[in-house]
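Coordinates in review
Now for the letters of each chain:
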Amino acid sequence: MNDESDDPKQTAEQWAAFQKIWTDSFAKMMQLGFSYSPEAAPPEFLRQIRTGIFQALSQSWDQFLRSPQFMEGMKQWMEQAVSFRKMSNDFFTKVRHETQGTAQKDVDAVLVALQQLETRVLNRVEELAAEVDALKTGRKGGTPKKKKRRNRN
Amino acid sequence: MGDQWTKWQESVINETAANAKRLARLPSLLQRAQRVKKGATPSEVVYELDHIKLLHYPTQSPPKFATPLIFVFALVNRPYILDLKPDRSVVNHFVRHGFDTYLVDWGAPSHADRFLTLDDYINGYLANIVDFVRERTDAPRVNILGYCMGGTMSAMFTALHRDPVKNLILLAAGIDFSTRDGLLNLWTRAEYFDVDRFVDAFGNCPAEFLQSSFLLLKPVQNLIEKPISFFEKADDDEAIDDFLTMETWLNDNIPVAGEVYREFVKYLYQQNLLVQNKMPVGKHIVDLRKITCPVLNIMAKADDLVPCVQSMPFNDLVSSKDRHAIIAPAGHIGLAVGSKAQREVWPQACDWLAKRSNAAR
């Protein structure tokens, strides 16, 4: 747990806010109960109570989703998910390499190499374009043209 | 008292009968959900590159305005939210108004696209699309409308390539990520979310991960209230049609290219570089002060994905003299499909653009 969540004052404030949401909601529902008119059909009355409960619930959830406790839990869950994914990636890479196959990691390495090659070629083309431009305008060191568009076809 | 009691009984019996009727309709709705049409306005694909498609909306009469309009959508969902139904279509508003309209469909990146960066999307794909449209329409400049993440990308594009953009419209676009109003801004804080480890392990950001994050923004509404409301409206054909169309789109998430996701989270959500004019896109640095064209910044008051405060600073960060803002009483998606936005926001946006566009010869 981080320092924030360990702070008793903050925890007390969170708890007080949570209590307030529900106290307000119950107060509203009580009010609704007292203002109930026999003219109103029961399903409509129940719908109003339901709306009140859902409002309180969503406020409480919003508060919870912002709390350091949730964030800390989310962080741990994410770390576990990432570790599991890494473990399975490593396992499958090993299996494929053992069977003389191509693993995802190898494909990624080729992709990166291609991308770097593409960047180098594009940079060179840009430099050449700038030089041609400078020659055309008859000026020394003409202003370079804007970046060449990448056509991935 | 006897009368009241009879009324009570009647209402309970009616409600029970209505529920039984709704329940009986549910199986047929499954088939209907499979028949939902994606995109309402007739369109043709005029340009394709890798997974990307550029849709054009042809009209019977020639366009009224000389400058074409390009819609740039986010990379996290399919773009047909902008053209959901004939009566809920942002695209249709502009087409009817006489704009030659195009829509960028980024498509779903495959694993081979995991190394695509914002540079590839902005200075590569988008720049190519803009050039293609300029050549096709013989127009020196284009109008751009960017929605959500597409708005952020459109702002970056306009700052980096000023000349080809005549007018820029942003729709719920994240610009200043310093706010802690939105849950996404909190959840992506560097101390809680290690985006490098995430992208290194998963490659592309999985669609299911994005989908569950969006669902969790409003869990009570999305997981409890929505199904109940769906059931209660099961006997209302129009409401069901709206619901199914919307749900089809909401569940049609696509993955985001890993490197783009890394850059977006790290440079924007965690370091907030765009407002500091330090955002790197390839070899370039985005300086929003370089935007000089007229801008219209449309925001949603009840936006839980991109809170208003996140888009608001844009007009103060650009050098444009002609800048306007509209704050609509809607949510992030309601801004595009909500009936109030359709009635009030889009006619206003069409007029704004029409005033700044030259008539076609």
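On a predicted model such as this, the values are computed, not experimentally measured, just so you know.

The next point concerns the overall build of chain B. Per the secondary structure count, chain B includes 14 helices and 12 strands. Taking 361 residues into account, the globule formula puts the C-alpha radius of gyration at 21 Å, and chain B, at 22 Å, falls close to it. Expressed along its principal axes, the backbone C-alpha trace of chain B runs to roughly 80 × 55 × 40 Å. Once local pairs closer than 6 in sequence are excluded, the contacts in chain B between residues at least 24 apart make up 79%.

The next thing to look at is the sheet that holds strand 1 (residues 44–49) of chain B. All names here are of chain B. Pairing is mixed in the open sheet, where 8 strands are placed in the order 1-2-6-3-7-8-11-12. Strands with a single pairing partner mark the edges of an open sheet, and in this sheet they are strand 1 and strand 12 (323–328). The sheet shows a mean angle of 20 degrees between the axes of neighbouring strands, direction not considered. Note that strand 11 (residues 295–300) and strand 12 share 6 bridges and pair parallel. Following the sheet pairing, Ala300 is matched in strand 12 by Ala328. The strands that helix 2 (residues 90–97) touches are strand 2 (52–57), strand 3 (69–72), strand 6 (101–105), strand 7 (142–147) and strand 8 (165–171); relative to strand 3, the one it contacts most, it runs at about 175 degrees.

Helix 6 (residues 195–202) of chain B packs onto helix 4 (residues 68–98) of chain A with a crossing angle of 35 degrees between their chain directions and a minimal axis gap of 9 Å. The hand of the helix 4 of chain A/helix 6 of chain B crossing is left-handed. Residue-level contacts link Met78, Glu79, Ala81, Val82, Ser83, Arg85, Lys86 and Asn89 of chain A of helix 4 of chain A to Arg197, Phe198, Ala201 and Phe202 of chain B of helix 6 of chain B. A breakdown of the residues in the contact of helix 4 of chain A with helix 6 of chain B according to their chemical character gives 6 nonpolar, 2 polar and 4 charged.

Once that is clear, we can look at the domain arrangement of chain A. All names here are of chain A. According to the domain assignment, chain A consists of domain 1 (9–66), domain 2 (68–101) and domain 3 (102–139). Here domain 2 and domain 3 have C-alpha centroids that lie 34 Å from each other. For the pairing of domain 2 and domain 3, the buried interface totals around 350 Å² over both sides, and the portion due to carbon and sulfur atoms is 52%. Joining domain 2 to domain 3, the criterion identifies 0 salt bridges. Linking domain 2 to domain 3 there are 1 residue pair in polar contact (both at pLDDT 80 or more). Taken together, the residues of the side of domain 2 that touches domain 3 sort by class into no nonpolar, 4 polar and 1 charged.

Take the packing of helix 4 (residues 149–160) of chain B against helix 10 (residues 258–270) of chain B next. All names here are of chain B. At a minimum axis separation of 13 Å, helix 4 and helix 10 run at an interaxial angle of 80 degrees. Accordingly, the angle class assigned to the pair helix 4 and helix 10 is roughly perpendicular. Within the contact between the two elements, helix 4 uses Met149, Thr152 and Met156 and helix 10 uses Val260, Phe264 and Leu268. A per-class count over the contact of helix 4 with helix 10 returns 5 nonpolar, 1 polar and no charged.

Attention shifts here to the interface of chain A and chain B. Taken together, the contact pairs 46 residues of chain A with 47 residues of chain B. Buried surface at the junction of chain A and chain B, both sides included, amounts to about 4200 Å², of which 57% is carbon and sulfur. At the junction of chain A with chain B, the criterion picks out 5 salt bridges. Residue Arg114 of chain B pairs with Asp108 of chain A through a salt bridge whose shortest N-O separation is 2.8 Å. Summed over the shared surface of chain A and chain B, the result is 14 residue pairs in polar contact (both at pLDDT 80 or more). Elements with a contribution of two residues or more to the side of chain A that touches chain B: helix 3 (42–66), helix 4 and helix 5 (104–137) of chain A.

Looking now at the pattern of salt bridges. Applying the stated rule across the entire model yields 24 salt bridges over all chains. Note that Arg22 of chain B and Asp235 of chain B form a salt bridge whose closest N and O atoms lie 3.7 Å from each other. Of this pair, Arg22 of chain B sits in helix 1 (residues 2–34) while Asp235 of chain B sits in the loop between helix 8 (219–232) and helix 9 (237–250), and the two are 213 residues apart along the sequence. The exposure class of Arg22 of chain B is buried, given its relative accessible area of 8%. Looking at Asp235 of chain B, the relative accessible area reads 35%, which means it is partly exposed. Close ionic contact of Asp242 of chain B with Lys85 of chain B constitutes a salt bridge, the shortest N to O distance being 2.4 Å. Separated by 157 residues along the polypeptide, Asp242 of chain B in helix 9 and Lys85 of chain B in strand 4 (residues 83–85) bring together distant segments of the chain. Judged by relative accessible area, Asp242 of chain B falls into the buried class, the value being 19%. Using a relative accessible area of 11% as the deciding quantity, one classes Lys85 of chain B as buried. Here the salt bridges share partners, and the residues they tie into one network are Arg47 and Arg50 of chain A together with Glu15, Arg22, Glu232 and Asp235 of chain B.

What follows deals with the layout of surface pockets. Estimated volume of the largest pocket: approximately 1300 Å³. Around the largest pocket, the lining is made up of 39 residues, and of these Asn222, Lys226, Met246, Leu250 and Ile333 of chain B lie nearest the centre. Where the lining of the largest pocket is concerned, the elements lending two or more residues are strand 4, helix 7 (207–217), helix 8, helix 9 and helix 13 (334–337) of chain B. Here the lining of the largest pocket takes 8 residues from helix 9 of chain B, the largest share from any one element. Classifying every residue of the lining of the largest pocket by side-chain character gives 20 nonpolar, 11 polar and 8 charged. Space inside the second largest pocket adds up to approximately 730 Å³. Lining the second largest pocket are 32 residues, and of these Leu184, Phe209, Leu210, Ser213 and Tyr261 of chain B lie nearest its centre. Counting only elements with at least two residues in the lining of the second largest pocket, the list comes to helix 4 of chain A together with helix 4, helix 5 (183–187), helix 6, helix 7 and helix 10 of chain B.

Procedures and definitions
Residues numbered from 1 in each chain as written. Chains lettered and ligands numbered in written order. Predicted model: local features only at pLDDT ≥ 70, side-chain atom pairs only at ≥ 80, totals over all residues. Heavy atoms only, no water. Helix = DSSP H or I, 4+ residues; strand = E, 2+ residues; numbered from the N terminus. Rg over C-alpha atoms; globule rule 2.2 N^0.38 Å. Contact = heavy atoms within 4.5 Å. Pairing = 2+ DSSP bridges. Axes fitted to C-alpha atoms, helices over the stretch in contact; angles between N-to-C directions. Left-handed = near helix turned anticlockwise from the far one by under 90°. Nonpolar A, V, L, I, M, F, W, Y, C, P; charged D, E, K, R; others polar. Domains from an automatic or database assignment. Buried area = accessible area lost by both parts, 1.4 Å probe. Salt bridge = Lys/Arg side-chain N within 4 Å of Asp/Glu carboxyl O. Polar contact = N/O pair within 3.5 Å; in protein donor to acceptor, adjacent residues only side chain to side chain. Parallel < 35°, antiparallel > 145°, perpendicular 65-115°, else oblique. Buried < 20%, exposed > 50% of the residue type's maximum accessible area, 1.4 Å probe, protein only. 1 Å grid on protein atoms, 1.4 Å probe; cavity = no way out; pocket = protein on both sides within 12 Å on 5 of 7 lines; lining within 4 Å. Points joined across faces, edges and corners; volume = space filled by probe spheres on them.

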